[in-house]
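Letter by letter, the chains look like this.
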Amino acid sequence: MLGFAWKVPTEAFVILELSRDLRPMAYFRQDYLFGTDTRKNGSTLARWGDEAEAGAGLRFSGKLDGFVYGSVREMAGVRYWGIGIGAVL
């Protein structure tokens, strides 16, 4: 269980419009935490903060609208990997 902390986030987000139907995106976010010491310095990815997350994905539209993405997140010394697939119905 993680202790409570206030977050000060910074985020970079990029979306490219390769065509009307294809948009790749990427982001990086890191958070500086005010609060419990157990959550401090919990990420090797974060350059100045205590937690970090990075991800990339692809949004597509046309006959079918949807997206795919992957991400990695580090907090409290643990690394989490994620993938997602979605459709806009």
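Up top you'll find the structure we're talking about.
Scoring rules and cut-offs
Residues numbered from 1 in each chain as written. Predicted model: local features only at pLDDT ≥ 70, side-chain atom pairs only at ≥ 80, totals over all residues. Heavy atoms only, no water. Pairing = 2+ DSSP bridges. Helix = DSSP H or I, 4+ residues; strand = E, 2+ residues; numbered from the N terminus. Axes fitted to C-alpha atoms, helices over the stretch in contact; angles between N-to-C directions. Patch = residues over 30% accessible without salt bridge, like charges linked within 9 Å, V, L, I, M, F, W, Y side chains within 5 Å. Areas by Shrake-Rupley, 256 points an atom, 1.4 Å probe, with all protein chains shown as cover. Salt bridge = Lys/Arg side-chain N within 4 Å of Asp/Glu carboxyl O. Buried < 20%, exposed > 50% of the residue type's maximum accessible area, 1.4 Å probe, protein only. Phe/Tyr/Trp six-rings, centres within 6.5 Å; stacked < 30°, edge-to-face > 60°. Lys NZ or Arg CZ within 6 Å of the ring centre and 35° of its normal.

Participant: For the sheet that holds strand S2 (residues 22–35), give the residues involved together with the corresponding values.
Facilitator: The strand order S1-S2-S3-S4-S5 describes an open sheet built from five strands, whose pairing is antiparallel. Where the open sheet ends on each side, the last strands, each with one partner, are strand S1 (5–15) and strand S5 (78–88). Strand-to-strand twist across the sheet, computed as the mean angle between neighbouring axes with direction ignored, equals 15 degrees. Sheet topology places S1 next to S2; eleven bridges connect them, and they run antiparallel. When the bridges of S2 are listed, proline 9 appears paired with aspartate 31.

Participant: Could you give an account of a nonpolar patch on the surface, naming the residues involved and the relevant values?
Facilitator: Taken together, the side chains of Val14, Leu16, Leu18, Leu22, Leu58, Val68 and Ile85 present a nonpolar region at the surface, about 630 Å² in accessible area. Structurally, the position occupied by isoleucine 85 is in strand S5. Residue isoleucine 85 is classed as exposed on the basis of its relative accessible area, which comes to 76%.

Participant: Break down the packing of aromatic side chains for me, citing the residues and quoting the values.
Facilitator: Evaluation of the coordinates by the stated rule reveals five aromatic pairs. For the ring pair phenylalanine 67 and tyrosine 69, a centre distance of 6.1 Å and an interplane angle of 25 degrees mean the geometry is stacked. Overall, the relative accessible area of 38% leaves tyrosine 69 in the partly exposed class. Within the aromatic cluster, the residues linked to one another by ring pairs are Tyr32, Phe34 and Trp48. For lysine 40, the ring lying beneath its charged end belongs to tyrosine 32, and the centroid distance is 4.4 Å.

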